[in-house]
Amino acid sequence: MLHGLPMDRDVTPFVPPSQITAVRETRPVSPMLFPDGHEGWLVTGYEAVRQALADTRFSSRQDLGIIHVPFPTPGMPEMTEPVPQTPGLFISMDPPDHTRLRRKLTGAFTVKRMKALEEGIVEITERRLDELAKLTPPVDLVQEFALPVPSLVICEILGVPYADRDTFQHNSSKFMERQVNLEDKMAAYMAINNYLVELVTSKRAEPGDDLLSDLARDEDLSIEELVGMAFLLLLAGHETTANMLALGTFALLEHPDQLAALRSDPSLIPDAVEELLRYLAVGDIFFRYAAEDIEFFGETIREGSMVVLSLLAGNHDPERYEHADSLDVHRNARGHLAFGHGVHQCLGQQLARIEMRAGFEGLLRRFPALELAVPAREVKLRTDMNIYGVHALPVTWA
């Protein structure tokens, strides 16, 4: 039985921790002891993770029971009460509450609507590449490219002033840190919350031509729900894609044969994006709560148990993908779990795909001599964050 959840990718920066791989091979649904002594479950096999994501008996609600954090967090007090639900934060809800709020957004994130935005996203990407090209290397690709592109895109879609991004990104980063005390985490959350209250209130008073204004026009949504939805969209809209762009570039630079294949045949980029999503799974860990006794893959998961789903381990399951720990841009990686599965599957996945295709295509085209400016071992990984990636990626070019 695992004692706590291994987080460090100790084999390479890109594949699951060796302890998790070992558990998946022997018992893909296995008991795990949390630091507080609570026994929960870890799900690592591809089919098991996929089915758990689609099974509504595994609840996403955090107010049903005490959340037992699977990694020690200094300064975090032992939780003795359920975490209350946050209005509008529909990823932490079950149907029908989840269905009601998500339905408000489905029209905004259709494939057709995202395709209509693609030209603008490519223009944003090219402008950032123009700015990158003006700099003298080495530069930090995170700060100069990977973070600005999705931030610019989501700010434009939502109607958030891009000038506010530094304050928001600072607080969202602090909120996403694992090893931060509860007081600092709550201070960051309240700063974001207060900013968004002012923003959505102004959108309701004077709506514009943007997604938050469209939501604010809906009188069925309270200000508190609007704030929760805005928080989710803004955070998810830049954190995950930014880390995929940076970590994906790192992975390609560390696999020169795969990088060469993309340079010689850019038509492979859509498939490469899917493979990088599978291979890296930056949003690795999902939490669920057993709402009843569940017989699952030969195990009895008792009502009240916390269940941890490792999307990364599922994506690296050799029973689903041949040579799963290898990066292969020729692979058909569709069916991967990087965007989740079931009713909570990522609403913005088409937007993320467009941004990544534009980002990787433009970066490889404009910087054919791109390489790391430091040894790979010196790249600081985001093992301390809820969204995996790199804190900085120093790069250079001829």
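Residues numbered from 1 in each chain as written. Predicted model: local features only at pLDDT ≥ 70, side-chain atom pairs only at ≥ 80, totals over all residues. Heavy atoms only, no water.

By the naming in an unreviewed UniProt entry, the protein chain goes by Cytochrome P450 and is assigned to Lentzea cavernae.

Moving on to a nonpolar patch on the surface. Judged by side-chain polarity, Leu-182, Met-186 and Met-190 come together as a nonpolar surface patch covering roughly 230 Å² of accessible area. Within the element layout of this structure, Leu-182 appears in helix H8 (residues 182–205). By relative accessible area, which is 30% here, Leu-182 ends up partly exposed. (Patch = residues over 30% accessible without salt bridge, like charges linked within 9 Å, V, L, I, M, F, W, Y side chains within 5 Å. Areas by Shrake-Rupley, 256 points an atom, 1.4 Å probe, with all protein chains shown as cover. Salt bridge = Lys/Arg side-chain N within 4 Å of Asp/Glu carboxyl O. Helix = DSSP H or I, 4+ residues; strand = E, 2+ residues; numbered from the N terminus. Buried < 20%, exposed > 50% of the residue type's maximum accessible area, 1.4 Å probe, protein only.)

Tracing the backbone through its elements, the reader meets His-255 in the loop between helix H10 (223–253) and helix H11 (256–264). Beyond its immediate sequence surroundings of up to four residues, His-255 is in contact with Phe-14, Tyr-279 and Leu-327. (Contact = heavy atoms within 4.5 Å.)

This next bit is on the packing of aromatic side chains. Any two aromatic rings considered together are summarised by their centre-to-centre distance and by the angle between their planes. Enumeration over the complete set of coordinates arrives at seven aromatic pairs. Note on Tyr-189 and Phe-231: the rings are 5.6 Å apart at their centroids and 75° apart in plane angle, and the pair reads as edge-to-face. One end of the pair, Tyr-189, is in helix H8; the other, Phe-231, is in helix H10, and 42 residues separate them in sequence. Residue classification places Phe-231 among the buried positions, given a relative accessible area of 8%. Here the aromatic cluster, defined as three or more aromatic residues joined through ring pairs, consists of Phe-14, Phe-250 and Tyr-279. Over the ring of Tyr-388 we find Arg-9, and its NZ or CZ is 3.7 Å from the ring centre. The ring of Tyr-321 is capped by Arg-278, whose NZ or CZ atom sits 5.1 Å from the centre of that ring. (Phe/Tyr/Trp six-rings, centres within 6.5 Å; stacked < 30°, edge-to-face > 60°. Lys NZ or Arg CZ within 6 Å of the ring centre and 35° of its normal.)

Right, let's get into H11. Turning to H11, its buried residues number three or more, namely Gln-258, Leu-259, Ala-261 and Leu-262. The buried residues of H11 all sit within an arc of 155° when viewed along its axis, so they share a single face. Turned more than 90 degrees away from the buried face of H11, the exposed residues are Pro-256, Asp-257 and Ser-264. (Arc of directions from axis to C-beta.)

As a further point, take the sheet that holds strand S2 (residues 29–33). Taking strand neighbours across the sheet as the criterion, the six strands line up as S1-S2-S3-S9-S6-S4 in an open arrangement whose pairing is mixed. Both edges of this open sheet fall to strand S1 (2–3) and strand S4 (58–59), since each of them pairs with a single strand only. By the bridge criterion, three bridges tie strand S3 (residues 39–43) to strand S9 (residues 306–310) in an arrangement that is parallel. The residue of S9 that forms the bridge with Trp-41 is Val-307. (Pairing = 2+ DSSP bridges.)

Turning our eyes to something else, we now look at H10. If you check H10, its first and last C-alpha atoms are 45 Å apart, about what 31 residues at 1.5 Å a residue would give, namely 45 Å. Of all 31 residues making up H10, 27 are buried, and the element is well covered by its neighbours. (Expected span 1.5 Å × (residues − 1).)

Here we come to the sheet that holds strand S5 (residues 139–140). Within the open sheet, the three strands sit side by side as S5-S11-S10. Their pairing is antiparallel. Each edge of the open sheet carries a strand with a single partner, namely S5 and strand S10 (371–372).

So, on to the pattern of salt bridges. Throughout the structure, instances matching the rule amount to 21 salt bridges. Between Arg-217 and Asp-214 there is a salt bridge whose closest N-O contact spans 2.9 Å. According to the relative accessible area criterion, Asp-214 is partly exposed, its value standing at 34%. Across the pair Arg-365 and Glu-361 runs a salt bridge whose closest N-O atoms are separated by 2.8 Å. Taken together, the positions of Arg-365 and Glu-361, both in helix H14 (residues 349–366) and four residues apart, correspond to about one turn of that helix. One network of salt bridges, in which partners are shared, links Arg-100, Lys-104, Asp-218, Asp-220 and Glu-225.

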